[in-house]
Structure formats: C-alpha cells, structure tokens
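Residues per chain are reported as follows:
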Amino acid sequence: MDLGLKGKNIIVTGGTRGIGLSIADACAAEGAAVSVCGRSEESLKKAEAFLSRHGGKVHTAPCDVADADAVAGYIAAAAETFGGIDGLVNNPSGFGASDDEDGWKKSMDVDLMGVVRATWAAYPHLVASQGAVLTISSISGIGASGSIPYGAVKAAVIQLTQSHAQKFAADRVRVNCIAPGSIEFPGGSWERRKTEEPEKYTSTLAKIPFDRYGTPEEIGTVAAFLLSPAARWVTGQTIAVDGGQNL
C-alpha cells in the first residue's frame, strides 16, 4: 500500500536508535525525506548511513530536546533544509524513573516540555503543509506505572495530544499519539533488563498476551500510517501498540 509519504518531509526528534530510528526508517522507505536529531555525533552518523540506503534526503543534527533554544534551532534548520515540514514526531524520553526531584525534572524537561517546544517550533510549517504531529507516549501513561514520574508525564502527553488535536483542527493539522508497550531492541532498556534484572524481564513478558516483546519496527509502521495522508481522518487518538499488554 502506498501511504502517500513520497516527497513529504518528516522530522523525528530522538531518532538515532530504537523506536525513533524505526519511525524515520519506515517513513524513508515510503519515500519521505527525514531529519533526525540525537545527542552524539557517532549515533547521528550511524543513523544517517542507515536511513540513506533508501536513496532519499536525510538531515541530521545534534540536539538536546530539554534545551528550548536547541530545539527551536534544530526545527528551523530542518525546515530550511527541506523547504518545509509535513510531519513532526516527538519521540525522546528522559526516562525519569525515580520518584524524586531528578526523576521528575528529567520527565518534565524531555518527555513533556520537549514535546511542547518542538510542536511550537514546527507548527507554522505544519499549518502551511496541513501536516501532522505524532507523539510517542507509553502504556505507562494509560494505567498505573511503577515509574511514577514517567507514567504521570506520559499521561500528560496523551491529554496534550487531545487538546492539540482539538485546537489545531481549524488549521487542518492532525495530532495523534502512540503508546508503545514493552519494546526490546539492541541497547534498549529491556535488553539490559534481560541480563541485569531477569526476574523483571520474565514477569513483564508473562503479562503480554502475545508472549513476546515488541519490536521498534512494529511501532514504525503504525507511525508511518498516522503521519501519512492515508490517515487524513484520524486525529486526537492514542493508539496502544503493545500486543495486548495493557489488557
């Protein structure tokens, strides 16, 4: 199925590995130009090489999404490089797991304000293209979470999706959200837990009806659809992609 992403310009914040990279890859495979930001030059070079295999335009830049000026500068540079923006993916997480000042600060600065600021910066370009915003939350934002600040902020992101969708509809900008379940990939938290916390890894696996962890690619395909013209009548929605884990 041709999703209609060919020739579109998609930005993915935190797109150098895992879910973010898979979203950028799924869009690039559909013919979109993609821009990703990350924290290290090495990760950016690897991501650029990986995404370039599709033959489309790839833009990369370092950016700390907790830094308001850095986010605005990155979005502006990507928009100038491409000549516009058709889709924004807010992906990074500070993974503020601890219920203390540090855990809350990480979650607020990255998972919530990173989304708010990137959306502010991209919005004028998205109005011009009648584009789409996609934010990555978590099933931890749907129910109770063992990581209190992480779950609370991911719930805020789901509410923000609905508010933005309602507000932006007048400009024909769609806003949706994906709430992934437990996703395993090289270098990711669940791969580490498999060896460092095997009991937690096993107990979590037992709660997934499909009896396996998800893959970043399974998030990427849903994301590409939601960003595309094929989903032109979908807005304000949060889609759990979790193999039934949240059930």
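One can find the structure itself at the top, above this paragraph.
Residues numbered from 1 in each chain as written. Predicted model: local features only at pLDDT ≥ 70, side-chain atom pairs only at ≥ 80, totals over all residues. Heavy atoms only, no water.

Observations regarding the overall build of the chain
Okay, step 1: Helix and strand content of the chain: eight helices and seven strands.
Okay, step 2: For 247 residues, the compact-globule estimate of 2.2 N^0.38 gives 18 Å, and the chain sits close to it at 17 Å.
Okay, step 3: Each principal axis of the C-alpha atoms in the chain carries an extent, and together these give about 50 × 35 × 35 Å.
Okay, step 4: Residues counted as buried form 49% of the 247 residues belonging to the chain.
Okay, step 5: Put simply, 72% of the contacts in the chain that link residues at least 6 apart link residues at least 24 apart.
Okay, step 6: Computed over 22 positive and 27 negative side-chain charges, the separation of the two mean positions in the chain equals 4 Å. (Helix = DSSP H or I, 4+ residues; strand = E, 2+ residues; numbered from the N terminus. Rg over C-alpha atoms; globule rule 2.2 N^0.38 Å. Buried < 20%, exposed > 50% of the residue type's maximum accessible area, 1.4 Å probe, protein only. Contact = heavy atoms within 4.5 Å. Lys, Arg positive; Asp, Glu negative; His and termini not counted. Charge placed at Lys NZ, Arg CZ, Asp CG, Glu CD.)

Considerations on the nonpolar core
Okay, step 1: Grouped together as the largest cluster of nonpolar side chains are 30 residues, with contacts concentrated most on Ile-10, Ile-23, Cys-27, Val-89, Leu-134, Ile-178 and Leu-227.
Okay, step 2: Counting only elements with at least two residues in this core, the list comes to strand S1 (9-13), helix H1 (18-29), strand S2 (33-38), helix H2 (41-52), strand S5 (132-136) and helix H8 (216-227).
Okay, step 3: At seven residues, H1 tops the list of elements feeding residues into this core.
Okay, step 4: Contacts of Ile-10, omitting those with residues within four sequence positions, involve Leu-5, Cys-27, Ala-32, Ala-33, Val-34, Ser-35, Phe-82, Asp-86, Gly-87, Val-89 and Leu-227.
Okay, step 5: Ala-118, Ala-122, Tyr-123 and Val-133 belong to the second largest nonpolar core, which has 22 residues in total. (Core = buried A, V, L, I, M, F, W, Y, C linked by side-chain atoms within 4.5 Å.)

Comments concerning the state of the cysteines
Okay, step 1: Summed over the entire model, instances satisfying the criterion amount to zero disulfides.
Okay, step 2: As a non-bridged cysteine, Cys-37 has Cys-63 as the owner of its nearest cysteine sulfur, 4.5 Å distant.
Okay, step 3: Cysteine Cys-177 shares no disulfide, and the gap to the nearest cysteine sulfur, in Cys-27, comes to 16 Å. (Disulfide = S-S within 2.5 Å.)

A closer look at the pairing of S1
Okay, step 1: When you tally the buried positions in S1, you get five out of five residues, the bulk of the element.
Okay, step 2: Residues Asn-9, Ile-11 and Thr-13 point to one face of S1 and Ile-10 and Val-12 to the other, with burial holding for every one of them.
Okay, step 3: As for the winding sense of the linkage, the β-α-β connection from S1 through H1 to S2 is right-handed.
Okay, step 4: Strand direction decides the pairing type here: S1 and strand S4 (residues 87-90), joined by four bridges, are parallel. (Right-handed = clockwise from strand over helix to strand, strands pointing away. Pairing = 2+ DSSP bridges.)

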